Amino acid sequence: MSALLDLKPDWARITFVDDQTTADFHYFWLRHNCPCLSGCRHSSTKERLIDATTIPLEIRPLRAVLTTDDSGAPAVAFFWAPIATKDDSGGLVVQDEKEHVSLFQVQWLRDSAYGVNRGHVHELPPHDAALVTIDYAAYVAEYADVNDNSRLGTSGTVLYKAALYDRLSKFGVAVIRNRGHDTEDIILDFIDSKADVIPTHFGRIEHLRTDNTENANNDQLGYTNSAVRLHTDQCYAETVPGFQFLHCIRPADVGGENYFVHAESAANYLKTEVNRRAYELLTTVPVSFDRRQAKFQALHVSPILRLSDEIDPATNERKLAQVRYSYFTQGAQTNVPFSELREWYEAQQVWDKLLYRDDFQIKAGLQAGDVVIYDNLKVLHARNGFTGPRHMAGVYLAAADLWHHLGQAKEATGN
């Protein structure tokens, strides 16, 4: 029986050519079921020696190849970095080997397959910054206004806004390089002049810097130089602003880079590729998001992942409507029975560990004049800690206003 091999980030897909069946195998399952007689199976009884509790659930092969075994039967070889195993006294020891080889006969894999012909699988969230980046200066260079070559002309403006529409509808985030220094002018990139931004208890425009004097209620992390981990904004509000953009007025001397995760894609990946039970808990267990400041307080209770009533035809399951995730405003969890609380915390940790994988994140260091805009219902954002007088202008927008405005440009292109 011949086979094809496709290594995914968290599992391997093997296609059995004879019957065109596909089967997906977790890497930790493959490592646990290694048939070798060099530490994984007893040399005479062939009983298992390797303990499942010693195998890291995040294990990945160094490489894998299609080959044959000593009998000439088709096989797949997985090569692993050494892992700790238990000795006779229960202590952990790392085997003295450069790499460990697990050689599986293709027929055995076919007979042992458990993830057979899986229907709908989810890919990793977008994590290539180039996919979401637009160079505004390049548009100006090609489509300058006939009366002012420093500004974008009418046709270029339509194309630029259509490009914004495409990136935000597909990826939920767009990074705009060399946009300029006038925040009020930039607002009109996203909404009509008759619309306006969404003011909050901080003010109309937030000036995120350590020496802030413009905004009310600036006793929060955004106005410090501390790192701010992945989150969505205004989780404690009944109605959350649909979009936010950050306009870089001045970058930090050191640090302060932004990074983003398309949380909708991450949640779907969690559901089908990693841990469905964790997904179920995050979509059902209510969380108190409690903003407490010296002169402001607000509370909203909702699951971290809120489902809509709309059914995804590909999976016949409810679609994700909104992500509310904010560790710094998350209140004490009192909505879970004692015996189930650990499971809920474990679900959060599984989710959070996914979000901090490099292959889940879009990283973007902003320079003066750069802008990043993101969907505050579907995209998490964060920044690294920094030194120096970093200054970002933060603006909230209504999703309906943004889609109306950019949608007109998209329609005008005829695409």
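The protein is annotated in an unreviewed UniProt entry as TauD/TfdA-like domain-containing protein of Coemansia aciculifera. Among the UniProt annotations of the protein, the heading Sequence similarities (unreviewed entry) holds the following wording: "Belongs to the gamma-BBH/TMLD family." What the UniProt record of the protein gives under Pathway (unreviewed entry) is the line "Amine and polyamine biosynthesis; carnitine biosynthesis."

UniProt's feature table lists "domain: TauD/TfdA-like" (unreviewed entry) at residues 161-396, given in the numbering used throughout. Counted over residues 161-396, helix gives 23% and strand 33%. Its end C-alpha atoms are 18 Å apart.

Further remarks concern the sheet that holds strand S9 (residues 115-116). The sheet built from four strands is open, its strands ordered S1-S2-S3-S9 with antiparallel pairing. Only two strands of the sheet have a single partner each, and these edge strands are strand S1 (3-7) and S9. In terms of strand pairing, strand S3 (residues 21-26) meets S9 through two bridges, oriented antiparallel. Paired with aspartate 24 across the bridge in S9 is glycine 115.

With that out of the way, let us pick up the sheet that holds strand S4 (residues 63-68). Across the sheet, three strands lie side by side as S4-S5-S8; this open sheet has antiparallel pairing. Where the open sheet ends on each side, the last strands, each with one partner, are S4 and strand S8 (100-105). Direction aside, the axes of adjacent strands within the sheet are offset by 25 degrees on average. Here six bridges tie strand S5 (residues 74-80) to S8, and the two strands are oriented antiparallel to one another. Bridge assignment links tryptophan 80 to a residue of S8, and that residue is histidine 100.

A few words on the side chain of aspartate 10. Along the polypeptide, aspartate 10 turns up in the loop between S1 and strand S2 (11-16). Apart from residues no more than four positions distant in its own chain, aspartate 10 is found in contact with His26, Tyr27, Arg60, Tyr269 and Arg357.

Let us now look at the pairing of strand S20 (residues 296-302). Of the strand pairs in this sheet, strand S19 (residues 287-293) and S20 are connected by seven bridges, and their pairing is antiparallel. Each residue of the ladder has a partner; that of aspartate 290, found in S20, is leucine 299. Between S19 and S20, which follow one another and run antiparallel, lie two residues.

With that settled, the discussion passes to the environment of leucine 354. As for its placement among the helices and strands, leucine 354 is situated in helix H8 (residues 338-355). Taking C-alpha positions, leucine 354 is 32 Å from glutamine 20, a pair spaced 334 residues apart along the chain. Not counting residues up to four positions away in its chain, the partners in contact with leucine 354 are Ala266, Tyr269, Leu270, Val274 and Phe360.

A few words on the packing of helix H4 (residues 154-171) against helix H9 (residues 399-413). Packing of H4 against H9 brings their axes to within 8 Å, and their N-to-C directions diverge by 115 degrees. Note that H4 runs across H9; the crossing there is left-handed. Contacts between H4 and H9 involve Val158, Leu159, Lys161, Ala162, Leu164, Tyr165, Asp166, Leu168 and Ser169 from the former and Leu402, Trp403, His405, Leu406, Gly407, Ala409, Lys410, Ala412 and Thr413 from the latter. A per-class count over the contact of H4 with H9 returns eleven nonpolar, four polar and three charged.

This paragraph deals with the nonpolar core. In terms of nonpolar packing, the biggest core is built from 50 residues, with Val173, Ile304, Leu305, Trp351, Leu355, Val372 and Leu380 touching the most fellow members. In contact with isoleucine 304, other than residues within four places in its own chain, are Leu282, Val285, Val287, Phe289, Gln322, Val323, Arg324, Tyr325, Trp344, Gln348 and Trp351. Membership of the second largest hydrophobic core comes to 25 residues, among which are Ile205, Phe243, Val395 and Leu397.

Parameters at a glance
Residues numbered from 1 in each chain as written. Predicted model: local features only at pLDDT ≥ 70, side-chain atom pairs only at ≥ 80, totals over all residues. Heavy atoms only, no water. UniProt positions renumbered as here; feature names shortened; annotations may be inferred. Helix = DSSP H or I, 4+ residues; strand = E, 2+ residues; numbered from the N terminus. Pairing = 2+ DSSP bridges. Axes fitted to C-alpha atoms, helices over the stretch in contact; angles between N-to-C directions. Contact = heavy atoms within 4.5 Å. Left-handed = near helix turned anticlockwise from the far one by under 90°. Nonpolar A, V, L, I, M, F, W, Y, C, P; charged D, E, K, R; others polar. Core = buried A, V, L, I, M, F, W, Y, C linked by side-chain atoms within 4.5 Å. Buried < 20%, exposed > 50% of the residue type's maximum accessible area, 1.4 Å probe, protein only.

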